[in-house]
Amino acid sequence: MNKTAEDSDKKYQERMAKKKALIDERIANAQEERGILILLKGNGKGKSSSALGTMARSLGYGKKCAVIQFIKGENETGEQRFFQNHPLVDWHVMGHGFTWETQDKAQDIAAAEKAWVLAEKLLADDQYDFLLFDEMSYMFKYGYLNVEPVIEALKKRPKMQNVMITGRTMAMPLQDIADTISTVQDDRHAFRLGVKAQQGIEY
Ligand code: ATP
Ligand code: MG
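Residues numbered from 1 in each chain as written. Chains lettered and ligands numbered in written order. Predicted model: local features only at pLDDT ≥ 70, side-chain atom pairs only at ≥ 80, totals over all residues. Heavy atoms only, no water.

*Asks:* Describe the site of ligand 1, and please don't skip the residues or the numbers.
*Replies:* For ligand 1, the set of nearby residues contains 14 residues, the closest of which are K45, K47, S49, E135 and R168. N43 is positioned such that a nitrogen or oxygen atom in its backbone is 3.1 Å from a nitrogen atom of ligand 1. Within the contact set of ligand 1, an oxygen atom lies 2.8 Å away from a backbone nitrogen or oxygen of G46. Contact with the protein chains hides 80% of the accessible area of ligand 1, taken as 580 Å² for the molecule alone. Looking at the shell around ligand 1 residue by residue, the classes come out as 1 nonpolar, 6 polar and 7 charged. (Near = heavy atom within 4 Å. Polar contact = N/O pair within 3.5 Å; in protein donor to acceptor, adjacent residues only side chain to side chain. Areas by Shrake-Rupley, 256 points an atom, 1.4 Å probe, with all protein chains shown as cover. Nonpolar A, V, L, I, M, F, W, Y, C, P; charged D, E, K, R; others polar.)

Next up, the structure:
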């Protein structure tokens with residue numbers, strides 16, 4: 001090995017050792033064991049699918065999970081077909097089938113409140129390890145639900161319970177108490193290239 005190569009090899013080793021020390025320190029510092037609140041927001045594609053991927057992780061360890069879909073689209077979804085008969089998954093779709101086409105506000109509010117009653121029950125039940133409130137954020141945006149009781153129930157939930165909430169916009173009070181927040185950015189979407197929504201990808 002020539003001198004320059006040896007030098008860069010040594011430098012590389014030093015850099016890696018430093019990096020390892022830093023990572024080890026961070027691991028040593030993160031020792032708390034508790035469930036977390038994860039928010040997935042933003043305009044890009046990948047929020048609900050990522051939350052369901054996380055749920056699959058939990059299921060891999062035999063954890064009990066529940067999903068409440070706060071918005072029901074026009075299409076039946078592949079994820080519902082896949083998960084709804086899983087012995088460890090309770091799958092709930094909100095009320096009468098809220099869609100973007102709905103124009104009956106009183107009916108939407110009633111459905112949102114009913115879904116919240118269920119969500120609150122799940123948040124008080126330590127049998128559930130993982131809860132997904134899919135598209136819940138719209139309930140606050142459209143004023144169908146107040147965020148305060150949701151914050152209270154989240155704060156009081158069982159210590160090891162993990163909760164994920166998705167939706168393009170996220171109420172600030174939820175962001176204030178969340179442990180992990182990821183924003184999925186919309187750099188491009190096939191829909192705008194004229195590609196029709198397809199089974200197994202979009203729904
Ligand atoms: P996914 O369920 O694919 O993870 P998402 O939860 O991030 O998407 P939503 O805002 O819930 O996105 O939108 C639901 C549907 O709209 C999905 O079919 C998704 O593919 C589609 N979609 C998401 N983002 C966009 C976008 N920027 N433009 C057009 N369609 C989108
Ligand atoms: Mg979604």
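Here the narrative resumes, following the displayed structure.
*Asks:* Could you give me a rundown of the pairing of strand β2 (residues 65-69), with the residues and numbers involved?
*Replies:* With 5 of its 5 residues buried, β2 lies for the most part within the structure. Residues C65, V67 and Q69 of β2 are buried on one face, and the alternating residues A66 and I68, pointing to the opposite face, are buried as well. Relative to strand β3 (residues 89-93), β2 runs parallel, the two being bridged by 5 bridges. Across the sheet, C65 pairs through a bridge with V89, a residue of β3. (Buried < 20%, exposed > 50% of the residue type's maximum accessible area, 1.4 Å probe, protein only. Helix = DSSP H or I, 4+ residues; strand = E, 2+ residues; numbered from the N terminus. Pairing = 2+ DSSP bridges.)

*Asks:* An account of the coordination of the magnesium ion (ligand 2) is needed here, citing residue identities and associated values.
*Replies:* All of the protein donors around the magnesium ion (ligand 2) are S48 (OG) and E135 (OE); their distances to the metal are 2.0 Å. Of this pair, S48 sits in helix α2 (residues 47-60) while E135 sits in the loop between β4 (130-134) and α5 (137-141), and the two are 87 residues apart along the sequence. On the basis of relative accessibility, which here comes to 15%, the residue S48 falls in the buried class. By relative accessible area, which is 18% here, E135 ends up buried. (Donors = N, O, S within 2.8 Å, 3.2 Å for Na, K, Ca; no water.)

*Asks:* Please give an account of a nonpolar patch on the surface that cites residues and values.
*Replies:* A cluster of nonpolar residues, L22, I23 and I27, forms a patch on the protein surface that exposes about 270 Å² of accessible area. Within the secondary structure, I27 is located in helix α1 (residues 3-29). (Patch = residues over 30% accessible without salt bridge, like charges linked within 9 Å, V, L, I, M, F, W, Y side chains within 5 Å. Salt bridge = Lys/Arg side-chain N within 4 Å of Asp/Glu carboxyl O.)

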